[in-house]
Amino acid sequence: MKRRTFVTALLPALSAGCLSSLPRATGPRGPPEAPASEPGETPEPDHLSIETFDYEGTDDDQLRAFGTVDNRSPEERTGVVRVRVTVDDEETVGTAEVTVPGDSTAEFETVVPVSFETFRRNGQLQVTVEAAGSD
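Residues numbered from 1 in each chain as written. Predicted model: local features only at pLDDT ≥ 70, side-chain atom pairs only at ≥ 80, totals over all residues. Heavy atoms only, no water.

**Q** It is not clear to me how the packing of aromatic side chains should be interpreted in this structure. Could you clarify?
**A** Going through the model one piece at a time under the given rule, you end up with 2 aromatic pairs. A centroid spacing of 6.3 Å and a plane angle of 55° characterise the contact between Tyr55 and Phe116, whose relative ring orientation is tilted. Here Tyr55, found in strand S1 (residues 48-57), pairs with Phe116, found in helix H2 (residues 116-122); they are 61 residues apart in sequence, far enough to count as distant. Judged by relative accessible area, which is 34%, Tyr55 ranks as partly exposed. (Phe/Tyr/Trp six-rings, centres within 6.5 Å; stacked < 30°, edge-to-face > 60°. Helix = DSSP H or I, 4+ residues; strand = E, 2+ residues; numbered from the N terminus. Buried < 20%, exposed > 50% of the residue type's maximum accessible area, 1.4 Å probe, protein only.)

**Q** What am I meant to see in the pattern of salt bridges here?
**A** A side chain of one charge can pair with a side chain of the opposite charge when the charged atoms of the two come close. Tallying each qualifying case throughout the model produces 5 salt bridges. Residue Glu75 is joined to Arg77 by a salt bridge in which the shortest nitrogen-to-oxygen separation is 3.6 Å. With a relative accessible area of 45%, Glu75 lands in the partly exposed category. With a closest N to O distance of 3.4 Å, Glu130 and Arg82 form a salt bridge. Here Arg82 lies in strand S3 (residues 77-87) and Glu130 lies in strand S6 (residues 123-131), a separation of 48 residues in the sequence. (Salt bridge = Lys/Arg side-chain N within 4 Å of Asp/Glu carboxyl O.)

In short, the description is geometric, and any link to function would need to be established separately.
Have a look at this one:
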């Protein structure tokens, strides 16, 4: 009987500390509002992507980047490949326009006016593609 009295006496003390720290609801209580732009309008997916890329030095010690662009759309797409080269916190960009038939790949190539040897020692390279005219 003493054990029951002890537990009964202990419950209010435990529940006062434990129950007071239970999580409370936060956030809005209604459905989200419709976007300010046209409702139901979703951005067009990126159909173009870089499939492969590589680089090498040219005969006059510049950086040549090349690779393939993949088109996952059934329609022909034109894209702009951007090769961003960073050497010693200075960025240089080379571009190439590429037209890719539907559900296919196409090759690209661009020469970036940076020293290949300097790039090889201390450079970074980033290759991206986006649909032409989406700047």
